[in-house]
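Spelled out from the first residue to the last, the chains are:
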Amino acid sequence: MKAHLLFRMLRKIFVCLTLLTLLPNVSEAQYNNPRGRIPKQLLELSVGARAGATVYFGDLVDAGRARWTVGAFVEKSVISWLDVRGQIDAGQVHGAQEEGIEFKSFFADVNIIARVRFLDLIQGYDDARLFCPYFGLGAGGMLFNCKKNPDESKIDVEAYMSKATAGGWEDLAEKWLYYDGGMKGAADAVGLVGVRYSLSSKLWLSFEVQGNMVFSDELDAHSGYPDNNGTWVESDGKYDCLWTTSFGVQYRFYDVSKYTSSSKYSRKNYLKTRRIYERNAKRMRRR
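Residues numbered from 1 in each chain as written. Predicted model: local features only at pLDDT ≥ 70, side-chain atom pairs only at ≥ 80, totals over all residues. Heavy atoms only, no water.

**Brief notes about the overall build of the chain**
Then step 1. Within the chain, the secondary structure is distributed over five helices and 11 strands.
Then step 2. For the chain, buried positions account for 37% of its 287 residues.
Then step 3. The contacts in the chain between residues at least 6 apart in sequence include a share of 70% that link residues at least 24 apart.
Then step 4. Taken as a whole, the chain presents about 16700 Å² of accessible surface, with 62% of it coming from carbon and sulfur. (Helix = DSSP H or I, 4+ residues; strand = E, 2+ residues; numbered from the N terminus. Buried < 20%, exposed > 50% of the residue type's maximum accessible area, 1.4 Å probe, protein only. Contact = heavy atoms within 4.5 Å. Areas by Shrake-Rupley, 256 points an atom, 1.4 Å probe, with all protein chains shown as cover.)

Printed below as a string of structure tokens:
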């Protein structure tokens, strides 16, 4: 009888110890993947918007390069230091070419970008990191309409056309002055660097510098030009470039990451919290 009671007691102790061992794992699983509180598809998913200025670099462009750009993106964490972003931007490209001729292009750009949070890669993941620098590489495609719009106040069109008529190349001058390329498309490659500042566990601000290499020479509304002898000269460039500086805001659907922060950051947070508690306790005792 005593042996039977001892066996039952040992069994209860074993069950209690087993539950105590499993409890941290259960808590961690609930922390990393809170089932029932949010759809699994929304874990580590965020959306964002940004706005800034785009500067154009291309051949035969002298001034008036900076214009606006706006964009939106959806981002998903693949691993604790790598995100994949689907991004769409829209904006304008303006510039003044030789002879005072101006051009303008409106564009829409769609890209897939892999974004590396290099401090999380080097030091370990920290969901409470205040500043998070990153860089990214990607590719996609751009649609744009390129058009020349000469400004009468900046160029003497009649004098230019008279010169072209006298030289016998008025057709080329007409193409150069009033070129309207319509809607075109081209592939592009993207690189960006940025830093993210955490306002809360769900809301971030960001600053980014992005470069686009567009594999077309017609973003600035020309791929060639007539020289003084009326000979059409093709441009040497095979691509045009855009640089965009932007500020943005990003919202994460859930305020806790599915990735566990590195233990050293958990230790730092613990020590910081303990110091705050100790200071508050001393103040209470003084009162």
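And the narrative resumes.
**Quick look at helix α3 (residues 157-167)**
Then step 1. Within α3, burial applies to Val157, Tyr160, Met161 and Ala164. Down the axis of α3, the smallest arc covering the buried residues is 95 degrees, so these residues share one side. Away from its buried face by more than 90 degrees, α3 exposes Glu158 and Ala166.
Then step 2. Where the residues of α3 are buried, they touch α4 (170-178) and β9 (224-226).
Then step 3. Positive phi appears at Gly168, one or two residues downstream of α3, with a value of about 80 degrees. (Arc of directions from axis to C-beta.)

**Quick word on empty space enclosed by the protein**
Then step 1. Within this structure, the stated rule accounts for two cavities of 30 Å³ or more.
Then step 2. Its boundaries defined by the atoms lining it, the largest cavity holds a volume of some 170 Å³.
Then step 3. Glu44, Arg117, Arg196, Trp204 and Arg252 are the residues nearest the centre of the largest cavity, which is lined by 18 residues in total.
Then step 4. Among the secondary structure elements, those contributing two or more residues to the lining of the largest cavity are β3 (66-79) and β11 (240-252).
Then step 5. In terms of residues, the lining of the largest cavity owes the most to one element, β3, which gives three residues.
Then step 6. Residues belonging to the lining of the largest cavity are distributed by class as follows: three nonpolar, three polar and 12 charged.
Then step 7. Volume-wise, the second largest cavity comes out at about 50 Å³.
Then step 8. For the second largest cavity, the full set of lining residues is Arg50, Thr69, Asp89, Phe107, Asp109, Gln210, Asn212, Leu242 and Thr244.
Then step 9. Looking at the lining of the second largest cavity, the elements that each hand over two or more residues are β5 (102-116), β8 (203-214) and β11.
Then step 10. Of the residues belonging to the lining of the second largest cavity, the class tally is two nonpolar, four polar and three charged. (1 Å grid on protein atoms, 1.4 Å probe; cavity = no way out; pocket = protein on both sides within 12 Å on 5 of 7 lines; lining within 4 Å. Points joined across faces, edges and corners; volume = space filled by probe spheres on them. Nonpolar A, V, L, I, M, F, W, Y, C, P; charged D, E, K, R; others polar.)

**Considering the nonpolar core**
Then step 1. Tyr56, Val93, Phe107, Met142, Phe144, Leu219 and Leu242 are the most contacted members of the largest nonpolar core, which totals 13 residues.
Then step 2. Listed by contribution, the elements that provide at least two residues to this core are β5 and β6 (131-148).
Then step 3. Residue contributions to this core peak at three residues, all from β6.
Then step 4. Each residue touching Met142, except ones within four places of it in the same chain, is listed here: Phe107, Ala108, Asp109, Lys184, Gly185, Ala186, Asp188, Asn212, Val214, Leu219 and Leu242.
Then step 5. In this structure, Ile155, Tyr160, Ala164 and Trp176 belong to the second largest nonpolar core, which totals 10 residues. (Core = buried A, V, L, I, M, F, W, Y, C linked by side-chain atoms within 4.5 Å.)

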